[in-house]
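Topology and contacts: notes
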Amino acid sequence: MSAGSRWDVGRYEGNHSYVWELGADLVDLLAPQPGERILDLGCGTGHLTSKIAGSGAQVLGIDNSPEMIGQARQNYPALQFALADAANFSFPDPFDAVFSNAALHWVEDADGVARSVARALRPGGRFVAEFGGHGNIRSILEALRDVLGPAADQRCPWFFRTIGEYSTVLEKHGVEVRQAWLFDRPTPIEGENAMRDWLEMFAARIFEGLPAPQQKMDEVVAHLRPGMFHDGIWTVDYRRLRLVAIRAA
């Protein structure tokens, strides 16, 4: 997750369960096996860490948010979680796989991520990840620019890369991409105030320190309403980058 951010884990757990629910089939793609050592990179509050552990694998969840790790430990006290930087982590023993869902678009230093993943994997180990890809939340970004001007890009906490961009970085560090997909995933979030809640959850730092931040957030919501709110449901224009890679032997 983004460095320096504080997370409202109560809101995250209560209103944004789709973040990990939509990652459930990524665990199927990982296909964890009993006894494997697996690292969950950007584990959040631990729900997919637990799903991986249910396979019989030995799993460690890491995140750079103390709030997320604290909640993960409360949710799953029998599992192991640790604070770590996604762009600079190391462990004494290698892992059979590194898994990551909905985290890496928060990390500017993709080179550091690739280097750390390569260091963590055994030769032949796999990296299975999904995160926001090029074109993700395009409508929200456009509304932010309309309301905030240049500040929207200057304060943007996200890094939505193409398949080619991320594959090039991984392969530079000896992690060979075998499969990759960039696909649209329109995601419904219910309720009149759901978009405002989304902005407060994931985009609050963009508005911090600006004059009249609450008013500006309301203006962004108003810009988005005609195209994204229908029959009591907001639809977020998510676009995901999913990949499977192998560390060179």
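This text follows the structure it describes.
Let us look at the structure shown here. (Residues numbered from 1 in each chain as written. Predicted model: local features only at pLDDT ≥ 70, side-chain atom pairs only at ≥ 80, totals over all residues. Heavy atoms only, no water.)

**A look at the pairing of strand β2 (residues 58–63)**
Selection criterion: When a residue's accessible area, from a 1.4 Å probe over protein chains only, is under 20% of the maximum for its type it is buried; when over 50% it is exposed; and in between it is partly exposed. A run of H or I in DSSP becomes a helix once it reaches four residues, and a run of E becomes a strand once it reaches two; helices and strands are each numbered from the N terminus. Viewed with both strands pointing away, a crossover whose connecting path from the first strand over the helix to the second turns clockwise is right-handed.
Among the six residues of β2, five are classified as buried, and the element is accordingly described as predominantly covered. For the crossover from strand β1 (residues 37–41) across helix α4 (residues 47–53) to β2, the handedness is right-handed. Between the parallel pair β2 and strand β3 (residues 80–83), the chain is carried across by helix α5 (residues 66–75), and the sense of this crossover is right-handed.

**Describing the environment of L148**
To keep it simple, the criterion reads: Any pair of residues with heavy atoms lying within 4.5 Å of one another is described as a contacting pair.
Residue position: L148 is located in helix α7 (residues 138–148). With relative accessibility at 12%, the residue L148 sits in the buried group. When the C-alpha positions of L148 and V236 are compared, they lie 20 Å apart, and in sequence the two are 88 residues distant. What L148 contacts, discounting residues up to four positions off in sequence, is I206, F207, L210 and K216.

**Points about the packing of helix α6 (residues 110–120) against helix α9 (residues 163–172)**
For any two helices packed against each other, one specifies the inter-axial angle together with the distance between the axes. Convention followed: Each axis is a line fitted through C-alpha atoms, and for a helix only the stretch in contact is used; angles between axes span 0 to 180 degrees, taken between their N-to-C directions. Angle categories are assigned with fixed cut-offs, so that under 35 degrees is roughly parallel, over 145 is roughly antiparallel, 65 to 115 is roughly perpendicular, and the rest are oblique. Crossing handedness is read from the near helix: turned anticlockwise from the far helix by less than a right angle, it gives a left-handed crossing, and turned clockwise, a right-handed one. The classification used treats Ala, Val, Leu, Ile, Met, Phe, Trp, Tyr, Cys and Pro as nonpolar, Asp, Glu, Lys and Arg as charged, and all other residues, Gly among them, as polar.
One way to put it is that α6 packs onto α9 with a least axis distance of 8 Å and a crossing angle of 45 degrees. With respect to each other, α6 and α9 are oriented oblique. Crossing handedness for the pair α6 and α9: right-handed. Contacts between α6 and α9 involve A110, D111, V113 and A114 on the former and, on the latter, Y166, V169, L170 and K172. When the residues that make up the contact of α6 with α9 are grouped by side-chain class, the tally is six nonpolar, no polar and two charged.

**Some remarks on α5**
Here α5 has its buried residues at E67, M68, I69, Q71 and A72. For α5, the secondary structure elements touched by its buried residues are α1 (9–15), β2 and β3.

**Looking at the nonpolar core**
Put simply, the rule reads: As used in this record, nonpolar core signifies buried Ala, Val, Leu, Ile, Met, Phe, Trp, Tyr and Cys residues forming a set joined through side-chain atoms within 4.5 Å.
I140, L144, W158, M195, W198 and F202 are the most contacted members of the largest nonpolar core, which totals 52 residues. Formed by 30 residues, the second largest nonpolar core is a distinct cluster that contains I62, A86, A114 and Y166.

**Here we look at the packing of aromatic side chains**
For clarity, the threshold we go by: Centre distance within 6.5 Å is the pairing criterion for rings of Phe, Tyr and Trp, where only the six-membered ring of Trp is used; planes under 30 degrees apart are then read as stacked, over 60 as edge-to-face, and the remainder as tilted. Whether a charge lies above a ring is judged from NZ of Lys or CZ of Arg, which has to be within 6 Å of the ring centre and within 35 degrees of the ring normal.
Evaluated as defined, the whole model comprises 12 aromatic pairs. With a centroid separation of 5.2 Å and an interplanar angle of 85 degrees, the aromatic rings of W7 and W106 are classed as edge-to-face. Placement of W7 in the segment before α1 and of W106 in the loop between β4 (95–101) and α6 is noted, with a sequence separation of 99 residues between them. Both residues of the pair, W7 and W106, belong to the buried class. Seen in terms of ring centroids, W158 and F160 are 6.1 Å apart; in terms of plane orientation they differ by 15 degrees. Their pairing is stacked. No difference in accessibility class separates W158 from F160, as the two residues are buried. In this structure an aromatic cluster arises from ring pairing among W7, W106, W158, F160, W198 and F202. Sitting over the ring of F95, R37 keeps its end group 4.2 Å from the ring centre. Taking the ring centre of F229 as reference, the NZ or CZ of R225 above it sits at 5.0 Å.

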